[in-house]
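Listed below, chain by chain, are the residues.
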Amino acid sequence: RGPMIDSLRIWHVDTDASTEAVDGVAAYVNAVAVEQCRSGHAVTVFSRAKVSHERRSELALLGIRVVEALRDPHTADPRPVLEELRRERPDVVQLHGAWIPRSALVAAGLRRAGIPYVYTPHGGLASVVLATKRLRRSIYTTVAEAPLIKGAAGVAPVIASELSEITAVVPDYAGQHSVVM
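The structure contained in this document is the topic of the report that follows. Because the structure is predicted, anything quoted here is derived from the model rather than measured.

Procedures and definitions
- Residues numbered from 1 in each chain as written.
- Predicted model: local features only at pLDDT ≥ 70, side-chain atom pairs only at ≥ 80, totals over all residues.
- Heavy atoms only, no water.
- Pairing = 2+ DSSP bridges.
- Helix = DSSP H or I, 4+ residues; strand = E, 2+ residues; numbered from the N terminus.
- Contact = heavy atoms within 4.5 Å.
- Axes fitted to C-alpha atoms, helices over the stretch in contact; angles between N-to-C directions.
- Phe/Tyr/Trp six-rings, centres within 6.5 Å; stacked < 30°, edge-to-face > 60°.
- Buried < 20%, exposed > 50% of the residue type's maximum accessible area, 1.4 Å probe, protein only.
- Lys NZ or Arg CZ within 6 Å of the ring centre and 35° of its normal.

## Concerning the sheet that holds strand 3 (residues 64-68)
Inference 1: Spatial strand order, 3-2-1-4-5-6-7: 7 strands in an open sheet with parallel pairing. Where the open sheet ends on each side, the last strands, each with one partner, are strand 3 and strand 7 (176-177).
Inference 2: Pairing between strand 4 (residues 92-96) and strand 5 (residues 117-120): 4 bridges, direction parallel. The residue of strand 5 that forms the bridge with valine 93 is tyrosine 117.
Inference 3: Contacts from helix 1 (residues 24-38) reach strand 1 (9-15), strand 2 (42-47), strand 3 and strand 4 within the one sheet, and its direction differs from that of strand 1 by about 170 degrees.
Inference 4: Sheet contacts for helix 4 (residues 101-113): strand 1, strand 4 and strand 5; angle to strand 4, the most-contacted strand, approximately 165 degrees.

Structure (structure tokens):
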């Protein structure tokens, strides 16, 4: 076992806490959230989808709090997360996925509040993705994705190749990184 870490208040943003959809990001976040709770941390998941009473109860028994942030993440409306930020201050926030305007706005709010965040692109920066919608992605990278990544206290690529994808988008990334697998 590693050194003992004090209990943290951890938020996961732009994922799904329901089990209704087949969603690799949601499966990853649910597994990580359970392990974080088992390690003594207080975990909140901001779900993009409606969460059934049964699922909410199941997660509550595990120690996971769910906040339904039902507004479409692609509408760039950060209010569900920023409103909760006024009520509770997390120790760290993990932003899941790339090309999500709301995440870029939430990241800016977190930077203003001095709250560190971790970025996990979940394959969203792969070359096959970047090859589509090149002009749109180039503009968005300059305006939103690169500042989001540069401002991250850390990046958590799911696989090793994602780290090179992140540094291809932001060559001067200077934060910490830890590859999950």
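## Overview of the packing of aromatic side chains
Within a pair of aromatic rings, the relevant descriptors are the distance that separates the centres and the angle that separates the planes.
Inference 1: Tallied over the full model, the rule gives 2 aromatic pairs.
Inference 2: Their ring planes at 55 degrees and their centres at 5.7 Å tell us that tryptophan 99 and tyrosine 140 sit as a pair that is tilted. With tryptophan 99 in the loop between strand 4 and helix 4 and tyrosine 140 in helix 6 (residues 134-150), this residue pair connects regions lying 41 residues apart in the sequence.
Inference 3: Tryptophan 99 sits in the buried class, given a relative accessible area of 12%.
Inference 4: On the basis of relative accessibility, which here comes to 18%, the residue tyrosine 140 falls in the buried class.
Inference 5: A cation over an aromatic ring shows up here: arginine 137 above the ring of tryptophan 99, its NZ or CZ 4.9 Å from the ring centre.

All we've got here are geometric facts, nothing functional implied.
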